[in-house]
Amino acid sequence: MAKKSFDSLNSIFQEEKGKLSSIVVKKYHSDYDYQNINETDKEKLVNFEEEIIINREEINKNYFKIAKDLYEANLILASYDKTNGKFIKWFESLGLKKTFVYNSIKRYSLFTIYQDEEKINKLSQKAVEILGTKKISDEIKLQVLNEKNIETISDRKLKNYVLNIISKQTEMIERKQIKNEDKNIKILEIRQLL
């Protein structure tokens, strides 16, 4: 059986007459000031920047996959053993460090609350530690993550912001408790009169 040869790509793909096919190519633009750098070195450095950014995005994507797998593996192994450390033994057998594993789980846990992978990946590690703690309710985590540009503020400002929210919530709860106590006292006073 003879192989069929093609004279051109036009024989494979049909184009509508009068319409040109176009390919959009995005050119990378550096924000760095290369004012005192010669053109050859500038070109090399801009290429390095572009490669680093592409690779960083690829790393983030793969890191997120790892975080998801660790999160789910923890859930599975926790169902078998909560105190004997099966999960720790499991991830150590993979050569992973405890801090990496638990920070990854916290990051993915935040994703389960706020379904924006890009935003969660942009959070600093300290921000993930602050928001990932079990001491903060999911409601507060969601409130913080809903804030515009929260991933760009400093860790100190984030911590203060979270503490401020917790303080306000605690104050509201205390006010409700005082009101309820006042109601209970009044009810007791009325009962005593009867």
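Residues numbered from 1 in each chain as written. Predicted model: local features only at pLDDT ≥ 70, side-chain atom pairs only at ≥ 80, totals over all residues. Heavy atoms only, no water.

A. Structural detail: the packing of aromatic side chains. Taken as a whole and assessed by the stated rule, the structure comprises ten aromatic pairs. Between Phe 64 and Phe 111, the ring centres sit 5.0 Å apart and the planes meet at 90°, which makes this aromatic pair edge-to-face. Taken together, the residues Phe 64 in helix H1 (residues 39-80) and Phe 111 in helix H3 (residues 98-113) connect sequence positions 47 residues apart. Their ring planes at 20° and their centres at 5.9 Å tell us that Phe 87 and Trp 90 sit as a pair that is stacked. Here the residue Phe 87 and the residue Trp 90 both occupy positions in helix H2 (residues 86-93), the gap between them amounting to three residues, near one helical turn. (Phe/Tyr/Trp six-rings, centres within 6.5 Å; stacked < 30°, edge-to-face > 60°. Helix = DSSP H or I, 4+ residues; strand = E, 2+ residues; numbered from the N terminus.)

B. Here's a closer look at the layout of surface pockets. In this structure, the largest pocket occupies an estimated 300 Å³ of space. Ile 105, Lys 106, Ser 109, Gly 132 and Lys 134 are, among the 13 residues lining the largest pocket, the residues nearest its centre. When residues of the lining of the largest pocket are traced back to their parent elements, those giving at least two are H1, H3 and helix H6 (138-145). A class-by-class count of the residues in the lining of the largest pocket yields five nonpolar, four polar and four charged. Considering only enclosed or pocket space, the second largest pocket measures out at about 220 Å³ in volume. Taken together, Arg 56, Glu 57, Asn 60, Lys 61, Glu 117, Glu 118, Asn 121 and Lys 122 form the lining of the second largest pocket. Going through the elements one at a time, H1 and helix H4 (117-122) are the ones with two or more residues in the lining of the second largest pocket. Among the residues forming the lining of the second largest pocket, the class breakdown is no nonpolar, two polar and six charged. (1 Å grid on protein atoms, 1.4 Å probe; cavity = no way out; pocket = protein on both sides within 12 Å on 5 of 7 lines; lining within 4 Å. Points joined across faces, edges and corners; volume = space filled by probe spheres on them. Nonpolar A, V, L, I, M, F, W, Y, C, P; charged D, E, K, R; others polar.)

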